[in-house]
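One-letter residues, chain by chain:
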Amino acid sequence: KQLDAVGNLGAVQGDERDLACALGQTAEVYQAQGRLGEAEQLANQALQIYERIADRTGASNALRVLGKVAVGADQMNKGQKYFQDLYLLCNELGDRSGQASALYQLGEVCFYRNEPKQCIWFVQEAQQIFNSLGDKRQVAPCMRQLADVYTDLAEYHRAAAAEKPPHDRPPGRASPQARHP
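The written sequence of each chain sets the order in which its residues are numbered from 1. It should be noted that, the model being predicted, local features are given only for residues of pLDDT at least 70 and side-chain atom pairs only at 80 or more, the latter also being counted only at that level, while totals for whole chains, interfaces and linings use all residues. To get the side-chain values, take all heavy atoms of the structure and skip hydrogens and water.

Q: Got a sec to walk through unusual backbone geometry? Specific residues and values, please.
A: If you check the backbone angles, Asp 74 has positive phi at about 60 degrees while not being a glycine. For Asn 114, which is not glycine, the phi torsion reads 60 degrees and is therefore positive. Only runs of H or I of at least four residues qualify as helices and only runs of E of at least two qualify as strands under DSSP, and these elements are numbered from the N terminus. Note that Asn 114 resides in the loop between α6 (96-112) and α7 (116-133). Taking relative accessible area as the criterion, Asn 114 reaches 64% and is therefore assigned exposed. Burial classes follow relative accessibility: with a 1.4 Å probe on protein chains only, a residue under 20% of its type's maximum area counts as buried, one over 50% as exposed, and anything between as partly exposed.

If you want it as structure tokens, here you go:
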């Protein structure tokens, strides 16, 4: 009922962007609460509005939510498609952080599918972009994901190296980003 009130308010004010934003934010809350069906419905509505009003940044946010919802519902193919679309859109927008986030999410999809080489590639690409942007907050999940993959592969020396920031590595050792599968 609260969502209907928000939707009606947006429609009355004629501001579709605000309505799409409210739908998208509510979808994120529902996704975090595990209310995946409702989250998907709202994120799809937001995406449709963003596409209609040509708000590509808003559309990228809706695609991100839809991808996370799909992965949460164990619909990996669907999640992969949303994250691929997100990557392409962020590439068009010149949004390097968005590209890196999409690559990281694609890596997670590969992790859940037990595709370690692909996971490593996607996550290392994401990590390189985050490093180039100086976004240390986003580098940490990449390091953890790489360590998890290498642990699953019983490559414990790589798992340990993946968890150390580059400045903590002994001199002369290659960073994990330099090694692609």
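Q: Mind laying out helix α4 (residues 56-72), listing which residues take part and the relevant values?
A: A rise of 1.5 Å per residue sets the reference length of α4, with its 17 residues, at 24 Å; its end C-alpha atoms lie 24 Å apart and thus fit the reference within 8%. Of all the positions in α4, only Gly 58, Ala 59, Ser 60, Ala 62, Leu 63, Val 65, Leu 66, Gly 67, Val 69, Ala 70 and Val 71 are classed as buried. Of the surrounding secondary structure, the elements contacted by the buried residues of α4 are α2 (16-32), α3 (36-52), α5 (76-93) and α6. A distance of 3.3 Å separates the backbone nitrogen of Thr 57 from a side-chain oxygen at the start of α4, and that oxygen is part of Asp 55. Positive phi shows up at Asp 74, right after α4, with a value of about 60 degrees. To estimate how far a helix should extend, the number of its residues minus one is multiplied by 1.5 Å. Note on contacts: a residue pair qualifies if any of its non-hydrogen atoms lie within 4.5 Å across the two residues. The definition of a polar contact used here is a pair of N or O atoms within 3.5 Å, where within protein one atom must be able to donate a hydrogen and the other to accept one, and adjacent residues in sequence count solely through side-chain atom pairs.

Q: Would you mind going over the packing of aromatic side chains in detail, with residue names and values included?
A: Any two of the Phe, Tyr and Trp rings considered here, Trp counted by its six-membered ring, make a pair once their centres fall within 6.5 Å; the pair's planes then place it as stacked at under 30 degrees, edge-to-face at over 60, or tilted in between. Inspection of the entire model under this criterion finds 2 aromatic pairs. Between Phe 111 and Tyr 112, the ring centres sit 6.0 Å apart and the planes meet at 70 degrees, which makes this aromatic pair edge-to-face. Ring plane angle 75 degrees and centroid distance 5.2 Å describe the contact between Trp 121 and Phe 122, whose orientation is recorded as edge-to-face. Trp 121 gets classed as partly exposed once you look at its relative accessible area, which sits at 37%.

Q: Residues and numbers for the environment of Arg 96, please.
A: Within the fold, Arg 96 resides in helix α6. With relative accessibility at 39%, the residue Arg 96 sits in the partly exposed group. Remark: the alpha-carbon pair of Arg 96 and Ala 126, spanning 30 residues in sequence, is separated by 9.5 Å. Ignoring any residue separated from it by four or fewer positions in sequence, one finds Arg 96 in contact with Ile 129, Ser 132 and Leu 133.

Q: Give me the lowdown on the side chain of Gln 99, citing residues and values where you can.
A: Mapped onto the secondary structure, Gln 99 falls in helix α6. A polar contact of 2.9 Å, which involves the side chain of Gln 99, links it to the side chain of Asn 91. Here Gln 99 is in contact with Tyr 87, Cys 90 and Asn 91, once residues within four sequence places are set aside.

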